[in-house]
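# Examining the three-dimensional arrangement
Residue strings, one per chain:
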Amino acid sequence: MLAKYWKKIGMLILIIACLFNIVSKIVSKIPYIDQLTQSAQYVSEQEQKEN
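Reading guide: rules and limits
- The residue numbering used here restarts from 1 in each chain and proceeds along that chain's sequence as written.
- Thresholds applied to this predicted model are a pLDDT of at least 70 for local features of residues and 80 or more for the giving and counting of side-chain atom pairs; totals over whole chains, interfaces and linings are not thresholded and use all residues.
- By convention in this description, side-chain values take in all heavy atoms of the structure and omit both hydrogens and water.
- The way it works is that DSSP assigns letters per residue, a run of H or I at least four long becomes a helix, a run of E at least two long becomes a strand, and they are numbered from the N terminus.
- Using a 1.4 Å probe on the protein chains alone, a residue whose accessible area is under 20% of its type maximum counts as buried, one over 50% counts as exposed, and one in between counts as partly exposed.
- Areas reported here follow the Shrake-Rupley algorithm with a probe of radius 1.4 Å; residue values treat only the protein chains shown as occluding.
- When charges are counted, Lys and Arg are positive and Asp and Glu negative, with His and the chain ends excluded.
- We put the charge of a Lys on NZ, of an Arg on CZ, of an Asp on CG and of a Glu on CD.
- Residues forming no salt bridge and having over 30% relative accessible area are the ones grouped into patches, like charges within 9 Å of each other and nonpolar side chains (Val, Leu, Ile, Met, Phe, Trp, Tyr) within 5 Å.
- In the sections that follow, a salt bridge refers to a side-chain nitrogen of Lys or Arg positioned within 4 Å of a carboxyl oxygen of Asp or Glu.

## Re the overall build of the protein chain
- A tally of regular secondary structure across the protein chain gives one helix and zero strands.
- Considered along the principal axes of its C-alpha atoms, the protein chain spans approximately 75 × 10 × 10 Å.
- Split into buried and exposed, the 51 residues of the protein chain put 0% on the buried side.
- Taken as a whole, the protein chain presents about 5200 Å² of accessible surface, with 67% of it coming from carbon and sulfur.
- Charged side chains in the protein chain number 6 positive and 4 negative. The centres of these two groups are separated by 37 Å.

## A look at the environment of Val-27
- With respect to the element layout, Val-27 can be found in helix 1 (residues 6-50).
- Taking the relative accessible area as the measure of exposure, Val-27 reaches 54% and is therefore exposed.
- Separated by 20 residues in the primary sequence, Val-27 and Lys-7 have C-alpha atoms spaced 30 Å apart.

## Description of a nonpolar patch on the surface
- Taken together, Met-11, Leu-14, Ile-15, Leu-19, Ile-22 and Ile-26 make up a surface patch of nonpolar side chains, about 600 Å² in accessible area.
- Topologically, Met-11 is positioned in helix 1.

Just geometry here; none of it tells us what the structure is for.
Quick look at the structure:
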C-alpha cells in the first residue's frame, strides 16, 4: 500500500516543508524590521547629540 502512494506522500511532505519554511521566514523577518528601526533611532539620537 505504501509503495502505491509513495509519490503522493512525498509530495505532501514536500509541500508541508515548504510552507513551514515560508512561515518561519515571515515570522523571523518582523524582529529584523524592529532592529532596523531601533538602529535608525540610535543613529539619529547620536547625530542630535553632536549638533
